[in-house]
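# Examination of the molecular architecture
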Amino acid sequence: MSNITLQPIAQDVYAAPQLTPEAMAAAAEAGFKAIINNRPDGEGGPDQPTSAVIEAAAVAAGLAYAHLPVQGGYQSPEEIALCAALLKQLPRPLLMFCRSGARSTKLYMQAVALDN
């Protein structure tokens, strides 16, 4: 995943900017076990790959996949709770992504804070 910027946000959780379907095989090769897509479909216009296309590529690469679309400026308590549940369920190492990686990082931090 040399051409993808990965930001470590926990020992076994990373954030990344928008990933393509082609990046799913590279993520699996890099050792990731699961992907969480935090970007709403269509947010980036027609050139943004849909969750369904990314999910198909993730599953083909042997990755667990979840789509938890959230807005950049605000994540609801329900979305944060859903993220916390996914963090408990999905295998690690885990890769979360959104447009830049910042939203995924913020969502992760809020989800972990629920358990503290």
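Predicted model, so just to flag it, every value in this text is computed and none were measured.

### Quick notes on the environment of Leu94
- Structurally, Leu94 can be placed in strand S5 (residues 94–97).
- For Leu94, a relative accessible area of 0% gives the class buried.
- When the C-alpha atoms of Leu94 and Ala34 are compared, they prove to be 4.9 Å apart, with 60 residues separating the residues in sequence.

### Looking at helix H3 (residues 77–89)
- Relative to the 18 Å expected for 13 residues at 1.5 Å per residue, H3 spans 18 Å between its end C-alpha atoms, a close match to the ideal helical length.
- Along its buried surface, H3 packs onto strand S3 (34–37), strand S4 (64–67), S5 and helix H4 (102–114).

### Overview of the sheet that holds S3
- If you trace the five strands from one edge of the open sheet to the other, you get S1-S2-S5-S3-S4, paired in mixed fashion. At either margin of the open sheet sits one strand with a lone partner, and together these are strand S1 (7–10) and S4. Within the sheet, the average angular offset between the axes of one strand and its neighbour, ignoring direction, is 25°.
- Relative to S5, S3 runs parallel, the two sharing four bridges. If you follow Ile35 over to S5, its bridge partner there is Leu95.

### Comments concerning helix H2 (residues 51–60)
- Turning to H2, its buried residues are Ser51, Ile54, Ala57 and Ala58. The arc that holds every buried residue of H2, seen down its axis, measures 130°, which confines them to one face. The outward face of H2, more than 90 degrees from its buried face, is lined by the exposed residues Ala52, Val59 and Ala60.
- Count one or two residues on from H2 and you reach Gly62, which has phi positive near 85°.

What counts and how
Residues numbered from 1 in each chain as written. Predicted model: local features only at pLDDT ≥ 70, side-chain atom pairs only at ≥ 80, totals over all residues. Heavy atoms only, no water. Helix = DSSP H or I, 4+ residues; strand = E, 2+ residues; numbered from the N terminus. Buried < 20%, exposed > 50% of the residue type's maximum accessible area, 1.4 Å probe, protein only. Expected span 1.5 Å × (residues − 1). Contact = heavy atoms within 4.5 Å. Pairing = 2+ DSSP bridges. Axes fitted to C-alpha atoms, helices over the stretch in contact; angles between N-to-C directions. Arc of directions from axis to C-beta.

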